[in-house]
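# Structural description and commentary
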Amino acid sequence: MAFNPLDEQGIAVEDQFRNWSELNVTPYDKHTVDPYTRTRVILMNGIEVESILFSHQFARHTDNLELKRALATSRRVDAQQQKAVNGLNPGEQMPLETTLGYEQVAVDLTAWLARHEPDPMLRQALDFALLEDFDHLYRYANLYDLMYGGHAEEITQHLTEITPGRPTIVEHRHPHDEVRPHFETHAVDPLSRMHVMTIVAAEQQTMNFYMNHGTDWIEPIARGLYAEIALIEEQHVTHYESLLDPLDSWIANWVFHEYNEVYLYWSMLQQESDRRIKAIWDLHCNMEIGQLQVACDFMRRLEGREPAEMLPPALPDTPVTFEPNKDYVRQVLADQIDLRADGIDYVGVDDLPSSHRYFEYQATVNEGGAPSEQVVEQTRDKRGTEHRDETEGDHPIRDLRPQHAS
Ligand SMILES: [Fe+2]
Ligand SMILES: [Fe+2]
Ligand SMILES: [Fe+2]
Ligand SMILES: [Fe+2]
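Owing to the predicted nature of the structure, the values given are computational and were not obtained by experimental measurement.

## Observations regarding unusual backbone geometry
With a phi close to 55°, Gln157 is a non-glycine residue in the positive phi region. Taking relative accessible area as the criterion, Gln157 reaches 42% and is therefore assigned partly exposed. Unlike most non-glycine residues, His158 shows phi in positive territory, near 65°.

As structure tokens, this is what we get:
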């Protein structure tokens, strides 16, 4: 049945405040949690963080007191929601284990969005970064093995393969090659807009998480790897945010944020296997509907626009879903491993002239070696073999099949 959030009341924003014990939720059990429950928690935390940061930026760009107060109210509720969601992560889950969850989000969210993305330009952007986050999972899995003898597949439960993607060492690009052309707000499929907003929020949260957790370790290899991959997440945020049409007003962006939150909580609700956590997704979905009504009201009053004219008549039929994407990832690996960026174009590495800024930037940052290579070499030296979880057979790229310690 078609579900149009604009026709629903949801919970009034003023009725959404919760007390401390409601916000101090009982975490999931890291040993028994469904890996995709963990990824849903990670994603929705990132979505809330983006909503909060967006609202702060909006508030700094308006002098309308009534609007500032409405933003402050919805933002306070989003900040409470963020606590209720992020609090589901248990304290006994080490930041490196949570990191493996972050990269599982990046792989299976990006691949799912790409598979369902109607616009070829946006799908290409998703495929491009997919191979990079796929490689990060492998690098962190090796760090987990090297430092703790850990088995990353106990976190991912074999739902996502662990093996090289586009090697992290070659992902470092000059900033000018990270900026893409944007979609047109009047022509874009509403689904595409939500796909881009969702991946921007997810990558931004990953960037922030690595910025903050990179110094949790004593070992230089761990600190170095977090620094290196955090810089790729900075590239990914630049890459994805450039796809958004900057023509949209602040109020329109507010409406889109609330609408996307409704869509995502509704999506998470459809798949959640944990009944207690499902109730949180359900509650938050109804809260977002109430927040959406407030944003829509400001659009009508301040812009004289009817939100229904820029939103779809109903939510998409298909919820954003966490599920294995192994065949898809392998196909993109086989087809696109050698792609690089040249300005706004994607080109094969062999088509870049040797004078290209890509090679100059590479020489600068990789001078003296890259932690993403060293972590695998050290794991090989210590354990006799590097850490992989290839459930579907040999790696599709011959050059990326395992090397053994000499
Ligand atoms: Fe929210
Ligand atoms: Fe990543
Ligand atoms: Fe990323
Ligand atoms: Fe919200």
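## Side note on the coordination of the iron ion (ligand 1)
Within the first shell, the iron ion (ligand 1) binds the protein through Glu48 (OE), Glu48 (OE), Asp78 (OD), Gln81 (OE1), Glu261 (OE) and Glu288 (OE), at distances of 2.0 to 2.3 Å. The site at the iron ion (ligand 1) holds six donor atoms, and with the angles between them running 57 to 171°, its shape is irregular.

## Thoughts on the side chain of Lys30
The topology assignment puts Lys30 in the loop between α1 (20-23) and α2 (35-59). A distance of 3.1 Å separates a polar side-chain atom of Lys30 from the backbone oxygen of Glu92. In terms of polar contacts, Lys30 uses its side chain to reach the side chain of Glu97, at 2.9 Å. Contacts of Lys30, omitting those with residues within four sequence positions, involve Arg38, Pro90, Glu92, Gln93 and Glu97.

## Digging into the packing of helix α5 (residues 120-148) against helix α14 (residues 371-383)
One can describe the packing of α5 onto α14 by two numbers: an axis separation of 9 Å at closest approach and a directional angle of 40°. Of the possible angle classes, the one that applies to α5 and α14 is oblique. Between α5 and α14 lies a crossing of left-handed hand. Between α5 and α14, the contacting residues are Tyr138, Arg139, Asn142, Leu143, Asp145, Leu146 and Tyr148 on the first element and Ser372, Glu373, Val375, Val376, Gln378, Thr379, Lys382 and Arg383 on the second. In terms of residue class, the contact of α5 with α14 is made up of six nonpolar, four polar and five charged.

## Examining the environment of His387
If you trace the backbone, His387 turns up in the segment after α14. The sequence separation of His387 and Thr73 amounts to 314 residues, and the corresponding C-alpha distance is 47 Å. Within the local environment of His387, its side chain forms a polar contact with the side chain of Asp145, the two groups lying 2.7 Å apart. Polar contacts involving the side chain of His387 include one to the side chain of Glu153, which spans 2.8 Å.

## Some points on the nonpolar core
Across soluble globular proteins, you tend to see nonpolar side chains buried next to one another. With 106 residues, the main nonpolar core has Met44, Leu109, Tyr140, Leu143, Trp254 and Trp281 as its most contacted residues. Looking at this core element by element, the count peaks at 15 residues for α5. The residues touching Trp281, leaving out its near neighbours within four places in the chain, are Arg40, Val41, Met44, Val85, Tyr265, Met268, Leu269 and Glu272.

## Focus on the coordination of the iron ion (ligand 3)
Six octahedral donors at a metal ideally form angles of 90 or 180 degrees, and four tetrahedral donors ideally form angles of 109.5 degrees. Around the iron ion (ligand 3), the protein contributes the donor atoms Asp133 (OD), Asp133 (OD), Glu203 (OE), Glu233 (OE) and His236 (ND1), at 2.0 to 2.5 Å from the metal centre. Spacing between the donor residues of the iron ion (ligand 3) along their common chain follows D-x69-E-x29-E-x2-H. Separating the iron ion (ligand 3) from the iron ion (ligand 2) is a distance of 3.5 Å, and Asp133 supplies a donor atom to each of them. Linking Asp133 in helix α5 with Glu203 in helix α8 (residues 190-213), this pair joins segments that are 70 residues apart in sequence. Accessibility classification places Asp133 together with Glu203 in one group, the buried group.

## Description of helix α3 (residues 65-86)
With 22 residues, α3 should reach 32 Å at 1.5 Å per residue; the first-to-last C-alpha distance of 31 Å fits that figure. Here α3 starts with a cap whose side-chain oxygen sits 3.0 Å from the backbone nitrogen of Glu66, and that cap is Asn64.

## Looking at the packing of aromatic side chains
For the coordinates displayed, the defined rule picks out 18 aromatic pairs. Their ring planes at 25° and their centres at 4.7 Å tell us that Trp217 and Tyr226 sit as a pair that is stacked. Just as Trp217 is buried, Tyr226 falls in that class too. Arranged with centres 5.9 Å apart and planes meeting at 35°, the rings of Tyr265 and Trp281 form a pair that is tilted. Taken as a pair, Tyr265 in helix α10 (residues 250-271) and Trp281 in helix α11 (residues 275-303) lie far apart in primary sequence, 16 residues in all.

Rules used throughout
Residues numbered from 1 in each chain as written. Chains lettered and ligands numbered in written order. Predicted model: local features only at pLDDT ≥ 70, side-chain atom pairs only at ≥ 80, totals over all residues. Heavy atoms only, no water. Buried < 20%, exposed > 50% of the residue type's maximum accessible area, 1.4 Å probe, protein only. Donors = N, O, S within 2.8 Å, 3.2 Å for Na, K, Ca; no water. Tetrahedral: all angles 85-135°; square planar, octahedral: opposite > 155°, others 65-115°. Helix = DSSP H or I, 4+ residues; strand = E, 2+ residues; numbered from the N terminus. Polar contact = N/O pair within 3.5 Å; in protein donor to acceptor, adjacent residues only side chain to side chain. Contact = heavy atoms within 4.5 Å. Axes fitted to C-alpha atoms, helices over the stretch in contact; angles between N-to-C directions. Parallel < 35°, antiparallel > 145°, perpendicular 65-115°, else oblique. Left-handed = near helix turned anticlockwise from the far one by under 90°. Nonpolar A, V, L, I, M, F, W, Y, C, P; charged D, E, K, R; others polar. Core = buried A, V, L, I, M, F, W, Y, C linked by side-chain atoms within 4.5 Å. Expected span 1.5 Å × (residues − 1). Phe/Tyr/Trp six-rings, centres within 6.5 Å; stacked < 30°, edge-to-face > 60°.

Keep in mind these values describe shape, not function.
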